[in-house]
Amino acid sequence: MSDFDAIAVGSAVLDRLYGLSNLPEPDGGAFVREETTATGGVAANVAAALAELGRETGVVSRVGDDEAGDRVLAALRERGVDASRIVRGDESTSYSLILRDPDGERMIVAGGQSVPKLRLDAADRAYLRRSDLVFTSAYAPDRVTAALADAAGSGELPPLVFDLSGPLAELDGRATRRATIDSLCSACDLFVANEVSVRSYLGVGPRAAIAELRDRGVPRAAITRGEAGALLFDGESVSEIPAFDVETVDTTGAGDAFTAGLIHAWLLDGRPPAAAGRFAAATAALNCTAETARGGLPTARDVEAFLESS
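Residues numbered from 1 in each chain as written. Predicted model: local features only at pLDDT ≥ 70, side-chain atom pairs only at ≥ 80, totals over all residues. Heavy atoms only, no water.

Engineer: Sorry if this is basic, but what is going on with the side chain of D250 here?
Structural biologist: By secondary structure assignment, the location of D250 is in the loop between β13 (238-241) and α9 (254-268). Within the structure, the side chain of D250 is placed 3.0 Å from the side chain of R100, a separation counted as a polar contact. Aside from chain neighbours lying at most four places away, what touches D250 is L17, R100, N287, C288, A290, E291 and T292. (Helix = DSSP H or I, 4+ residues; strand = E, 2+ residues; numbered from the N terminus. Polar contact = N/O pair within 3.5 Å; in protein donor to acceptor, adjacent residues only side chain to side chain. Contact = heavy atoms within 4.5 Å.)

Structural data, given as structure tokens:
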């Protein structure tokens, strides 16, 4: 029996959130109406969301030996996430600048060197083998995602979930390369992307992207489309998952919550795609009802109650 339901590999960062009067255009400006800090990072967010859903999770990442690193670690441990394989380095902890307008639309700018310096060693690989499932995203360094693709493809690791969480131009020079994404297509058990990231990779919209991913050997895929919901592919058919209408406070972390809900219901619980997709969409919707990437993370009971009332 495995020690963990899922282990996430990649980014664990400090989020610096700025509520703006407007999102500025090129050569334009904006006024900061409110500002706060919180913990984030795709890998850490997915692990935290799964822990809130009742799963045993861990994170492999790297933070600095600074106050921000202390905060990242403390936030994970408070949610019951194992942080024993988060390395501390001499560099400053990586961060995200999140700019949000009054309607909840946002822009994200990443910085810092702790996550780009993450590497996997033998102890990390042994740790990953203690889990039922491994998750990573394109924001992890290319050396890390390439190693995971090789290990998963050769059967050395549990099933792998990959999230193409950002457009390729944003990843260039600091994270996962196109060639590695190509290899992940056939190595992963589930390929997740959003409409913007998958278009940057394949040059087509969500429905055409599903067909392209199938041809590249992806056994299961999920493409999120914001308010238009999501598309799930299970190897045979495509399910269209509608989004839930809630009073949105902050969309930060919505995609990570959706991925966690999908892992929980589809891969770990084995629910049919349509049911798993609804669970994931509800998880994401509930997280949007509070500020910060993890502010509204629901329990499994919360999600089921929401689904019953919807």
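Now that the structure has been shown, we can carry on.
Engineer: What am I meant to see in unusual backbone geometry here?
Structural biologist: Positive phi, normally seen in glycine, also occurs at D27, with a value near 70°. Position of D27 among the secondary structure elements: in the loop between β2 (13-20) and β3 (32-40). Of note, T292 is a non-glycine position whose phi angle comes to about 75°, a positive value. Within the secondary structure layout, T292 lies in the loop between α10 (273-287) and α11 (300-309).

Engineer: Teacher, can you tell me more about the packing of aromatic side chains here?
Structural biologist: Describing an aromatic ring pair means giving the distance of the ring centres and the angle of the ring planes. In this structure the tally under the stated criterion is 4 aromatic pairs. Judged by centre distance (5.5 Å) and plane angle (65°), the rings of F162 and F191 are edge-to-face. Separated by 29 residues along the polypeptide, F162 in strand β9 (residues 160-164) and F191 in strand β10 (residues 190-194) bring together distant segments of the chain. Ring centres 5.2 Å apart and planes at 70° place the aromatic pair F244 and F306 in the edge-to-face group. Placement of the pair is F244 in the loop between β13 and α9 and F306 in helix α11, with a sequence separation of 62 residues. In this pair, the class of F244 matches that of F306, namely buried. Taken together, the ring pairs connect F162, F191 and Y201 into an aromatic cluster. One cation-aromatic arrangement involves R220 over W266; the distance from NZ or CZ to the ring centre is 5.2 Å. (Phe/Tyr/Trp six-rings, centres within 6.5 Å; stacked < 30°, edge-to-face > 60°. Buried < 20%, exposed > 50% of the residue type's maximum accessible area, 1.4 Å probe, protein only. Lys NZ or Arg CZ within 6 Å of the ring centre and 35° of its normal.)

Engineer: What's the story with the pairing of strand β4 (residues 57-64) in this structure? I'm lost.
Structural biologist: If a strand is regular, its side chains alternate between the two faces of the sheet. With respect to burial, β4 is a largely interior element, 8 of its 8 residues being buried. Side chains T57, V59, S61 and V63 project from β4 onto one buried face, and the interleaved G58, V60, R62 and G64 project onto a second face that is buried too. Pairing geometry for β4 and strand β5 (residues 82-89), over 6 bridges, is parallel. Bridged to G64 within β5 is G89. (Pairing = 2+ DSSP bridges.)

Engineer: Can you walk me through the pairing of strand β11 (residues 221-224) in this structure?
Structural biologist: Where burial is concerned, the two faces of β11 agree: the one with A221 and I223 and the one with A222 and T224 are both buried. For β10 and β11, the ladder comprises 4 bridges, and the chain directions are parallel. The partner of A193 across the bridge, within β11, is I223. With 4 bridges joining them, β11 and strand β12 (residues 230-233) adopt antiparallel strand pairing. Note that in β12 the partner of A221 across the bridge is F233. Taking the residues between adjacent antiparallel strands as the criterion, β11 and β12 are bridged by 5 residues, where G226 takes a positive phi near 65°.

Engineer: Before we go on, may I ask you to explain the packing of helix α1 (residues 42-52) against α9 in this structure?
Structural biologist: Geometrically, a packed helix pair is captured by the angle between its two axes and the distance between the axes. Interaxial distance between α1 and α9 falls to 8 Å at its minimum, and their mutual angle equals 50°. Between α1 and α9, the angle is such that the two are oblique. Note on packing geometry: the crossing formed by α1 with α9 is right-handed. Across from V42, N45, V46, A49 and L50 in α1, the residues of α9 making contact are D256, T259, A260, I263 and H264. The residue makeup of the contact of α1 with α9, split by class, is 6 nonpolar, 3 polar and 1 charged. (Axes fitted to C-alpha atoms, helices over the stretch in contact; angles between N-to-C directions. Parallel < 35°, antiparallel > 145°, perpendicular 65-115°, else oblique. Left-handed = near helix turned anticlockwise from the far one by under 90°. Nonpolar A, V, L, I, M, F, W, Y, C, P; charged D, E, K, R; others polar.)

Engineer: Honestly, the pattern of salt bridges in this entry has me stumped. Any pointers?
Structural biologist: Counted by the stated rule, this structure contains 21 salt bridges. Here R220 makes a salt bridge to D189, at a shortest N to O gap of 2.6 Å. Of this pair, R220 sits in the loop between α8 (206-215) and β11 while D189 sits in the loop between α6 (178-187) and β10; the two residues are 31 residues apart in sequence, bridging distant segments of the chain. D189 gets classed as partly exposed once you look at its relative accessible area, which sits at 21%. Look at the salt bridges and you will find they share partners, linking D5, R55, D269, R271 and E304 into a network. (Salt bridge = Lys/Arg side-chain N within 4 Å of Asp/Glu carboxyl O.)

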